[in-house]
Amino acid sequence: MRALDAFAFSSALVACAAAALAAAASRALGFALEPAVLTLAFCGTGVVYCVDRVHDLARDARTSPLRSAFVAQHRSALFAATALCACGSLVAAILAGGRVAAVAGAVAAFGFAHRRLKRVAFAKPVYLTGSWTAVGVGLPVAAASANAPLDLTRVAFSVAIVSATVQANVILSNLRDSEGIAGRLGARRARVLAALFCAAALALALLGPSNLRALAALPLAMASATAAFRPGERYGAIVVDGALLAGALGALFIG
């Protein structure tokens, strides 16, 4: 359990999920797996989440006491990891090119405003879903668009599948913290809404372009987390966020 706690509470899990999501989308869209893009997805996500968890420690202690205790105990190590990820992000952005760097910069702007934006109930699901979709699909598309024309239909379906899956993740995360729209809807209605987003993503993956069917693993993994939802902090940090990682890895290896 200590290893899983460290993996989740240090932000390593969400960083791995971002990189795996970018890899899965790249594979589904027929793009080469660009090391610079995957590194940028991993390191950039690590920076944003580490900074938020260290600097918003007092507020997070009310909703995530286990994670907050971990962050407080390992603050120095997290600062060092953040610095390394920041350096990795900078190098990866330079290597990936201007288009990728522009997408990453836009996501970073929202990421560093997260401490303020997450207090706005109706804004949180929108910018979180948009940011994760930009990392998972936008970065690979930006890299590929510099070299060849894009199949816009496949890109649009990929965006819709990833967005709907991430929206379900955001709903479950907010439900656990009693924040945002999910906190106002209540447990039953929020879980139904998350399940509907998973169903929509699954339908898009199965009925859209055949190349994208591997992405069905994303909503299937999130639907499993939705069906077995528990309000505990470890469930949210490990299972709900882990469903993004598991679904992305499943899509990557199926594809």
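Residues numbered from 1 in each chain as written. Predicted model: local features only at pLDDT ≥ 70, side-chain atom pairs only at ≥ 80, totals over all residues. Heavy atoms only, no water.

Colleague: How should I be thinking about the overall build of the protein chain in this particular structure?
Modeller: In terms of regular secondary structure, the protein chain is built from 14 helices and zero strands. When the elements of the protein chain are put in sequence order from the N terminus, they spell out α-α-α-α-α-α-α-α-α-α-α-α-α-α. In summary, the protein chain has a C-alpha radius of gyration of 17 Å against a globular reference of 18 Å for 255 residues, a match within 12%. The buried share of the protein chain, reckoned over its 255 residues, is 52%. In the protein chain, once contacts between residues fewer than 6 apart in sequence are set aside, the share between residues at least 24 apart is 75%. Carbon and sulfur atoms provide 68% of the accessible area of the protein chain, an area that totals close to 11300 Å². (Helix = DSSP H or I, 4+ residues; strand = E, 2+ residues; numbered from the N terminus. Rg over C-alpha atoms; globule rule 2.2 N^0.38 Å. Buried < 20%, exposed > 50% of the residue type's maximum accessible area, 1.4 Å probe, protein only. Contact = heavy atoms within 4.5 Å. Areas by Shrake-Rupley, 256 points an atom, 1.4 Å probe, with all protein chains shown as cover.)

Colleague: Where do I start with the nonpolar core in this structure?
Modeller: Generally speaking, a soluble globular protein has its nonpolar side chains buried in company with each other. Counting 63 residues, the largest nonpolar core has Trp-132, Leu-139 and Leu-215 as its most contacted members. At 11 residues, helix H9 (residues 124-145) tops the list of elements feeding residues into this core. Non-local contacts of Leu-139, meaning those with residues more than four positions away in its chain, are made with Val-37, Leu-40, Ala-41, Val-100, Val-103, Ala-104 and Ala-134. Listed in part, the 11 residues of the second largest apolar core include Phe-9, Val-54, Leu-57 and Ala-237. (Core = buried A, V, L, I, M, F, W, Y, C linked by side-chain atoms within 4.5 Å.)

Colleague: Looking at this model, I keep getting lost on unusual backbone geometry. Mind explaining?
Modeller: For residues that are not glycine, phi is negative in most cases, and the peptide bond is trans in most cases. One non-glycine residue, Ser-11, adopts positive backbone phi at about 85 degrees. The exposure class assigned to Ser-11 is buried, which follows from its relative accessible area of 2%.

Colleague: Whenever I open this one, the packing of helix H2 (residues 12-28) against helix H14 (residues 233-254) confuses me. Can you help?
Modeller: For any two helices packed against each other, the geometry comes down to the angle between their axes and how far apart the axes lie. Put simply, H2 and H14 touch, their axes get as near as 8 Å, and they point 25 degrees apart. Accordingly, the angle class assigned to the pair H2 and H14 is roughly parallel. As H2 packs across H14, the resulting crossing turns out to be left-handed. Of the residues in H14, those in contact with Leu-13, Val-14, Cys-16, Ala-17, Ala-20, Leu-21, Ala-23, Ala-24 and Arg-27 of H2 are Ala-237, Ile-238, Asp-241, Gly-242, Leu-244, Leu-245, Ala-248, Leu-249, Ala-251 and Leu-252. Looking at the contact of H2 with H14 residue by residue, the class counts come to 16 nonpolar, one polar and two charged. (Axes fitted to C-alpha atoms, helices over the stretch in contact; angles between N-to-C directions. Parallel < 35°, antiparallel > 145°, perpendicular 65-115°, else oblique. Left-handed = near helix turned anticlockwise from the far one by under 90°. Nonpolar A, V, L, I, M, F, W, Y, C, P; charged D, E, K, R; others polar.)

Colleague: Sorry if this is basic, but what is going on with the pattern of salt bridges here?
Modeller: Using the criterion set out here, one finds one salt bridge in the structure. Across the salt bridge formed by Arg-234 and Asp-5, the nearest N and O atoms sit 2.8 Å from each other. With a gap of 229 residues between them, Arg-234 in helix H14 and Asp-5 in helix H1 (residues 2-9) connect regions that are remote in the sequence. Given a relative accessible area of 10%, Asp-5 falls into the buried group. (Salt bridge = Lys/Arg side-chain N within 4 Å of Asp/Glu carboxyl O.)

Colleague: Would you explain the packing of helix H7 (residues 98-112) against H9 in this entry?
Modeller: Two elements in contact, H7 and H9, have axes whose closest approach is 8 Å; the angle formed by their N-to-C orientations is 170 degrees. Put simply, H7 runs roughly antiparallel to H9. Between H7 and H9, the contacting residues are Arg-99, Val-100, Val-103, Ala-104, Val-107 and Phe-110 on the first element and Tyr-127, Ser-131, Ala-134, Val-135, Gly-138, Leu-139, Ala-142, Ala-143 and Ser-145 on the second. When the residues that make up the contact of H7 with H9 are grouped by side-chain class, the tally is 11 nonpolar, three polar and one charged.

Colleague: Please clarify how the environment of Leu-204 should be interpreted in this entry.
Modeller: One can find Leu-204 in helix H12 (residues 187-207). Spatially, the C-alpha atom of Leu-204 lies 6.3 Å from that of Ile-161, the residues being 43 residues apart in sequence. If near-sequence neighbours (up to four positions away) are discounted, Leu-204 is found in contact with Phe-157, Ala-160 and Ile-161.

Colleague: Would you mind going over H7 with me for this structure?
Modeller: Quick reminder: α-helices carry 3.6 residues per turn. Residues three or four places apart thus point the same way. Between its terminal C-alpha atoms H7 stretches 21 Å, which fits the 21 Å expected from 15 residues at 1.5 Å a residue. Inspection of H7 places Val-100, Ala-104, Val-107 and Gly-111 among the buried residues, and these make up the whole buried set. Viewed along the axis of H7, the buried residues span an arc of 65 degrees, placing them on a single side of the element. Looking at H7, the residues exposed on the side facing more than 90 degrees away from the buried face are Gly-98, Ala-102 and Ala-109. (Expected span 1.5 Å × (residues − 1). Arc of directions from axis to C-beta.)

Colleague: What am I meant to see in the side chain of Ser-89 here?
Modeller: Turning to its location among the elements, Ser-89 is positioned in helix H6 (residues 75-96). Not counting the four nearest positions on each side in its chain, Ser-89 is found in contact with Leu-40, Cys-43, Gly-44 and Val-47.

Colleague: Sorry, what's going on with the packing of aromatic side chains here?
Modeller: The relation between two aromatic rings is expressed through the spacing of the ring centres and the mutual angle of the planes. Summed over all chains, the structure comprises three aromatic pairs. For the ring pair Tyr-49 and Trp-132, a centre distance of 6.3 Å and an interplane angle of 70 degrees mean the geometry is edge-to-face. Separated by 83 residues along the polypeptide, Tyr-49 in helix H3 (residues 35-55) and Trp-132 in helix H9 bring together distant segments of the chain. On the numbers, 5.9 Å between centres and 85 degrees between planes, the contact of Phe-229 with Tyr-235 is edge-to-face. Judged by relative accessible area, which is 14%, Tyr-235 ranks as buried. (Phe/Tyr/Trp six-rings, centres within 6.5 Å; stacked < 30°, edge-to-face > 60°.)

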